[in-house]
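# Descriptive structure summary
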Amino acid sequence: MSDASITLGQRTQLLVENGAMGILLVLFFLSLFLNLRLAFWVAFGLPVAFLGMFIFAGSLGVTINVLSLFGMIIVIGILVDDGIVISENIYQHSEMGKSPVRAALDGTMEVVPPILSAIITTVLAFATFLFLDSRIGEFFGEVSTVVILTLVISLIEALIILPAHIAHSKALRRTNYNGQPKKGPKAIFHYMRKINAYGDRFMGYMRDQIYSPVLRFVLTQQVLAFGVLAAVLILTIGAIGGNWIRVTLFPSIASDRVSIDLLMPEGVNPARTDSIISMVEAAAWRVNEDYTERQTDNKQVVENIIKRVGPGNNKASLQVNLLPGEERDFSSPDITNAIRDEVGPVYGVESLTFGSGGNFGGSPVSVSLLGNNLEELEAAKEELKNNLENNSLLKDVTDSDPQGIKEINVKLKDNAYALGLDFGEVMRQIRNGFFGAQAQRFQRGQDEIRVWVRYDLENRSSINDLDEMRLLTPSGERVPFDEIANYDIVRGTESISHLDGMREIRVSADMEDPNGSSTEILEDIRNNVIPPILEKYPSLTVSYEGQNREANKLSSSAAKVIPIILFLIYATIAFTFRSYSQPLLLMIMIPFSIIGVAWGHWLHDFPINVLSALGIIALVGIMVNDGLVLIGKYNSFLREGMEFKKALFEAGRSRFRAIFLTSLTTIAGLAPLLLEKSRQAQFLKPMAISISYGIAVATILTLLLLPLLLSISNTVKVSGRWLKTGQKPSREEMERAIKEKNEEAKHESIV
């Protein structure tokens, strides 16, 4: 028995457990670095946002499944980001001596523009998935829907509900410890205040002793700092290009079953088909005995095997159901390869394939040969199959042109035409003799009776009967078949495929190593295997199908959608800060985030794939958020009259805590999934790696590279004005915040 709901239940339970662990980690870090009451009200936004999402998700067709749960895990860390920024800012205003209500109002209103922009940019980034073609777009569209709904609800909660809770709670009240021992809840809060004090000292140490000196060095040695970051980016791109960091198209999806498919030539005796599949089944049980001895607690690695013969006499299959992946010490590809090795080569079969898990988007290697010259197609197919079978990185090489059932091809001799016979007449008489012809039809009661006439069984059961058949000529004479015609016995065509108006034969293969680089193999086939074949058979063309077609479909739609999304993100930031240069600086940081994505995959020994790229798209929205907060504070300091260099330096210091904590909670939310060893979670890991490691590097980029780019941008603008007018302006005059302040002052003076 095979029950797919068991696998679904296991994956769902796995993600629920990881999500719960992520929430606990987020709460832990919030309570460690924030006032406990502030941390509580920030965390309170989590259930509010999720409950709000559940209200609307059903009407949009979202169900509780693996992908929607993954979307919830992604958004756990992002949800508290806005709450952290708002609560931190409210707390800073409270430290200035303001009343709780006034601190809540002023602190919230100060960060509304960057918070609103941050949510919009994140929503825009995740909305990309809704417009992507291919199965990836269909699947991850549900992830987008969950993230977008949750973020919108969280924005309402963060801007309206959270400030009200903080203003009317004890979070902003100052309590003096009189030395008396505390009991009950007060003891807990007293103990947490001590922990917060340690957290504050740690954060202060990080900001004052590590971050501040590094930031000062970066702003002083700008060329060196930018050169180091650029060199690391170039090194990363080189590592990807040199296949040190592997790249593939789609991830392999783990499974708890091994599927073995046997295809025999058409017309084979069904007993022959059954004997071969039974031999493979016996080999699978022998492998089970070997692996069971090595399995923890000696549990049976193979739970059961389902054998099917059919449909047809030439097809059979085995479904080997394995011990669940959580309890099994061996991967399904390992067991699959062991069964293949145990079976060994099998002769006289069309194909015998051993599959474990699923290949998202189709076969990793799939090459279609196109042309209308059937002889060249057949010859090219055999050459290509031989090349792929000799490649040790590939297995299960198959083609879409198996031999069909045996057919008799009749050819007339010249004397047949002299006797007045043609091909149609000869074939009609052969059909009537062996298949039969309707001689009469009459009614008997309510039944219609048809009378067919043909040779008796004794005279139509052997191919020799065709040789001895006598055909009637137009003159009324009968001549032997072998005097007017001859025949060949050949294999027919089982199926005919066309692609782009031409006959197609597709040759496909699977990866020997599920985590291998299919792009490298495809590149080798393109450059070294296909050119000699096309040179030898010039009438043919080649199309790359399977995962390659799916990836091309995805990339072509992404090429249209992503520039529009990036422009909308740019426009949103430009509208918020009323500046063209500052959003551009945030965009420049995006390529540098690839550093974290690439080396994160290398550390976890995962190839970069399409899901990793989707993680980068999601990362863009998250990454921009921290930059918005820093730029917002920088502009605020300039408007307050702070000198340029000091404003830039103090903006980094002021927002260090919020940026560090928002990044930490986002990574913490994904950490359980990232560290999950279960095989059921492996196909989701690339996206989690991209976001987690990308955020880690993006934090450094925001705190160091963004101030550096702001300083370089200001230098360029000052130099440009100097060259244009001959007068060197101050650095502050060239910043948009100061220009707006001067325009407002001018307008007020006129009024």
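These notes cover the structure that comes with them. (Residues numbered from 1 in each chain as written. Predicted model: local features only at pLDDT ≥ 70, side-chain atom pairs only at ≥ 80, totals over all residues. Heavy atoms only, no water.)

### What about the packing of helix α17 (residues 581-589) against helix α19 (residues 610-639)?
For the pair α17 and α19, the least separation of the axes is 10 Å and the interaxial angle reads 145°. As α17 runs across α19, the sense of the crossing is right-handed. Side by side, α17 and α19 meet where Gln-582, Leu-586 and Met-589 of the first sit next to Met-623, Val-624, Gly-627, Leu-628, Ile-631, Tyr-634 and Asn-635 of the second. Considering only residue class, the contact of α17 with α19 consists of seven nonpolar, three polar and no charged. (Axes fitted to C-alpha atoms, helices over the stretch in contact; angles between N-to-C directions. Helix = DSSP H or I, 4+ residues; strand = E, 2+ residues; numbered from the N terminus. Left-handed = near helix turned anticlockwise from the far one by under 90°. Contact = heavy atoms within 4.5 Å. Nonpolar A, V, L, I, M, F, W, Y, C, P; charged D, E, K, R; others polar.)

### So, the pattern of salt bridges
For the coordinates displayed, the defined rule picks out 23 salt bridges. Here Arg-102 and Asp-106 are joined by a salt bridge, their closest N and O atoms 3.1 Å apart. With Arg-102 and Asp-106 both in helix α4 (residues 100-127), this residue pair falls four residues apart, about one helical turn. A salt bridge links Lys-411 to Asp-488, with the shortest nitrogen-to-oxygen separation between them at 3.8 Å. With a gap of 77 residues between them, Lys-411 in strand β7 (residues 403-412) and Asp-488 in strand β12 (residues 485-493) connect regions that are remote in the sequence. (Salt bridge = Lys/Arg side-chain N within 4 Å of Asp/Glu carboxyl O.)

### Details of helix α21 (residues 685-725)
Roughly 40° is the biggest bend found in α21, and it falls at Leu-701. Gly-726 sits one or two positions beyond α21 and adopts a positive phi of about 85°. (Bend = angle between axes of the 7 residues up to and from the residue.)

### Description of the packing of helix α16 (residues 547-577) against α19
For the pair α16 and α19, the least separation of the axes is 12 Å and the interaxial angle reads 10°. Between α16 and α19, the crossing angle belongs to the class labelled roughly parallel. Counting all contacts with α16, which are made through Leu-554, Ile-562, Leu-566, Ile-569, Ile-573 and Phe-577, the residues of α19 involved are Val-610, Ile-617, Val-620, Val-624, Leu-628, Ile-631, Gly-632 and Asn-635. Class assignment of the residues belonging to the contact of α16 with α19 gives a composition of twelve nonpolar, two polar and no charged. (Parallel < 35°, antiparallel > 145°, perpendicular 65-115°, else oblique.)

### Considering a nonpolar patch on the surface
Residues Val-152, Ile-156, Ile-160 and Ile-161 make up a contiguous nonpolar surface patch of roughly 330 Å² in combined accessible area. Structurally, Val-152 can be placed in helix α5 (residues 134-167). (Patch = residues over 30% accessible without salt bridge, like charges linked within 9 Å, V, L, I, M, F, W, Y side chains within 5 Å. Areas by Shrake-Rupley, 256 points an atom, 1.4 Å probe, with all protein chains shown as cover.)

### Remarks on the side chain of Ser-690
Looking at the element boundaries, Ser-690 is found in helix α21. Relative accessible area serves as the criterion here: at 0%, Ser-690 is assigned to the buried category. Sequence-distant contacts of Ser-690, that is, excluding residues within four places in its chain, are made with Val-597, His-601, Ser-612, Gly-615, Ile-616, Leu-619 and Ile-695. (Buried < 20%, exposed > 50% of the residue type's maximum accessible area, 1.4 Å probe, protein only.)

### Description of helix α18 (residues 594-603)
Working note: α-helix, 3.6 residues per turn, so residues spaced by three or four point in the same direction. For α18, the buried fraction is high: seven of the ten residues fall into the buried class. All of the buried residues in α18 are Ile-595, Gly-596, Val-597, Ala-598, Trp-599, Gly-600 and His-601. The inward-facing, buried residues of α18 abut α7 (222-241), α19 and α21. One or two positions beyond α18, positive phi appears at Asp-605, with a value near 60°.

Functional significance is not addressed by these values, which are geometric in nature.
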